[in-house]
Amino acid sequence: MSFIARMLGIFIQSMPPGTPIGIKDLAKRLSIGEITIGKALRELVRFGYLERSLESLPGGRIATRTVSFNHPRAAAMARCRTGRAPAAPPVAAESSDEAPPVPPVSDQASDPVEPAPVAAPPEAVPEPEPQPEPENEPAAAPPASRLPVPRDPDNPGRRRLACEVLAELRRVDSRLLLGERDVRYLAGGVEAWLERGAGVEALVGVLSARLPDGLRNPAGLIAHRLTAQLPPPLVPLPRAPAFVAPDPFVNCTECDLAFRSPTPGKCKCCRGGGSGS
């Protein structure tokens, strides 16, 4: 129900019974246009706060009778129990030969079921909109079981390099300042990246890119990125066969022909009885 309809319903309930509440009568009392008043009255009828009926007056004229209820549901229940409409005061309205679409003159009758004073209908309180969740920053660090670990943890040199990478992140961005406890906790995840072939520069770029505004938990952000963006292991490259050096050149002791042989001696032709060239 609109605000104008609610205020108009409260104003009608505040007037004594029998007061004309037609559109023109209300327009004289309120600083509202007749079109707005007509829309508000139709809205009150639709919600059950007003009831309109046609009545015949002496002289063959027809008038529209309007009854205002302060509790439409209770009035409807009373009509169902008694089988008739609740009593209303006499009509004090101007009549017409035909009932107009919007009644120019009407009356108000108090509700016999609820004689208590009527308060304004409570306005619906809008539900608060859900706050958007911050991107790229988890609420807390993931559990230790989710943080990637290297397949071969027994590598002191790689462990030392991982701790150095984490400690040096504050040189890239001062918001990535980590404590010693966080460095020890995150070093295993960094080792897993290095074990899978990730370079130090690429790793630092992933951990320091697009930091959210108002970063409060750098360790949680780094743990999230180490887990969510873990690269797949690289397929080992095929190795070339080992190089085998050829036999050195030697001269034939009989024909002085150069040929390859691990030891000095005769060439193939001289060993077979032929002459060398």
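Attention here is on the structure that accompanies the text.

The rules behind the values
Position numbers for residues start from 1 in each chain and track the written sequence from start to end. Reporting of local features is limited, given that this is a predicted model, to residues whose pLDDT is at least 70; pairs of side-chain atoms are given and counted only at 80 or more, and all residues count toward the totals for whole chains, interfaces and linings. Only hydrogens and water are removed before side-chain values are computed, so all heavy atoms of the structure are retained for them. Each helix is a run of H or I in the DSSP string that is no shorter than four residues. Each strand is a run of E no shorter than two, and both are numbered from the N terminus. Think of it in three bands: with a 1.4 Å probe and only protein chains considered, a residue is buried below 20% of the maximum accessible area for its type, exposed above 50%, and partly exposed in between. Contacts between residues were defined by any pair of non-hydrogen atoms, one from each residue, lying within 4.5 Å. Here, Shrake-Rupley sampling with a 1.4 Å probe gives the accessible areas, and only protein chains in the shown set may cover a residue. By the convention used here, strands pair only if DSSP detects at least 2 bridges between them. Here, a salt bridge means any Lys or Arg side-chain nitrogen found within 4 Å of an Asp or Glu carboxyl oxygen. As used in this record, nonpolar core signifies buried Ala, Val, Leu, Ile, Met, Phe, Trp, Tyr and Cys residues forming a set joined through side-chain atoms within 4.5 Å.

1. Some details on the overall build of the chain
Link 1 in the chain: Assigned secondary structure in the chain consists of 10 helices and four strands.
Link 2 in the chain: Secondary structure elements of the chain occur, N-terminal to C-terminal, as α-α-α-β-β-α-α-α-α-α-α-β-β-α.
Link 3 in the chain: Scored against the burial criterion, the 277 residues of the chain give a buried share of 30%.
Link 4 in the chain: Put simply, of all contacts in the chain between residues at least 6 apart along the chain, 61% involve residues at least 24 apart.
Link 5 in the chain: Summed over its atoms, the accessible surface of the chain is roughly 18300 Å², and 56% of this surface lies on carbon and sulfur atoms.

2. Side note on the pairing of strand S2 (residues 61-68)
Link 1 in the chain: Of all eight residues that make up S2, six are buried, and the element is covered over most of its length.
Link 2 in the chain: Pairing of strand S1 (residues 50-57) with S2, which is carried by eight bridges, proceeds in the antiparallel orientation. From the neighbouring strand, glutamate 55 faces S2, where its bridge partner is alanine 63.
Link 3 in the chain: Connecting the antiparallel pair S1 and S2 is a turn made up of three residues, with glycine 59 showing a positive phi of about 95°.

3. Concerning the environment of cysteine 255
Link 1 in the chain: Within the secondary structure, cysteine 255 is located in the loop between strand S3 (249-251) and strand S4 (258-260).
Link 2 in the chain: Counting along the chain gives 12 residues from cysteine 255 to cysteine 267, while the straight-line C-alpha distance between them is 8.1 Å.

4. Description of the environment of valine 190
Link 1 in the chain: With respect to the helices and strands, valine 190 occurs in helix H7 (residues 180-195).
Link 2 in the chain: The spacing of valine 190 and alanine 223 is 33 residues in sequence and 9.5 Å in space, taken between C-alpha atoms.
Link 3 in the chain: The residues contacting valine 190, other than those within four sequence positions of it, are Ala162, Leu166, Leu203 and Leu226.

5. Examining the pattern of salt bridges
Link 1 in the chain: Evaluation of the coordinates by the stated rule reveals seven salt bridges.
Link 2 in the chain: Put simply, arginine 159 and glutamate 191 hold a salt bridge, and the shortest N to O gap is 3.0 Å. Here arginine 159, found in helix H5 (residues 156-167), pairs with glutamate 191, found in helix H7; they are 32 residues apart in sequence, far enough to count as distant.
Link 3 in the chain: For arginine 159, a relative accessible area of 33% puts it in the partly exposed group.
Link 4 in the chain: Put simply, aspartate 173 and arginine 175 hold a salt bridge, and the shortest N to O gap is 3.1 Å.
Link 5 in the chain: Sharing partners across several salt bridges, the network here consists of Arg158, Arg159, Glu191 and Glu195.

6. Side note on the nonpolar core
Link 1 in the chain: In this structure, Leu166, Leu186, Leu203, Ile222 and Leu226 are the most contacted members of the largest nonpolar core, which totals 24 residues.
Link 2 in the chain: If you list the elements that add at least two residues to this core, you get H5, H7, helix H8 (200-208) and helix H9 (218-228).
Link 3 in the chain: Broken down by element, the residue count for this core peaks at six residues, all from H7.
Link 4 in the chain: Those residues within four positions of leucine 186 in sequence are excluded, and the remaining contacts are Leu147, Leu166, Leu178, Ala219, Ile222, Ala223 and Leu226.
Link 5 in the chain: Ile12, Met15, Ile37 and Leu41 belong to the second-largest nonpolar core, a separate cluster that totals 12 residues.

Nothing here speaks to function; it is geometry throughout.
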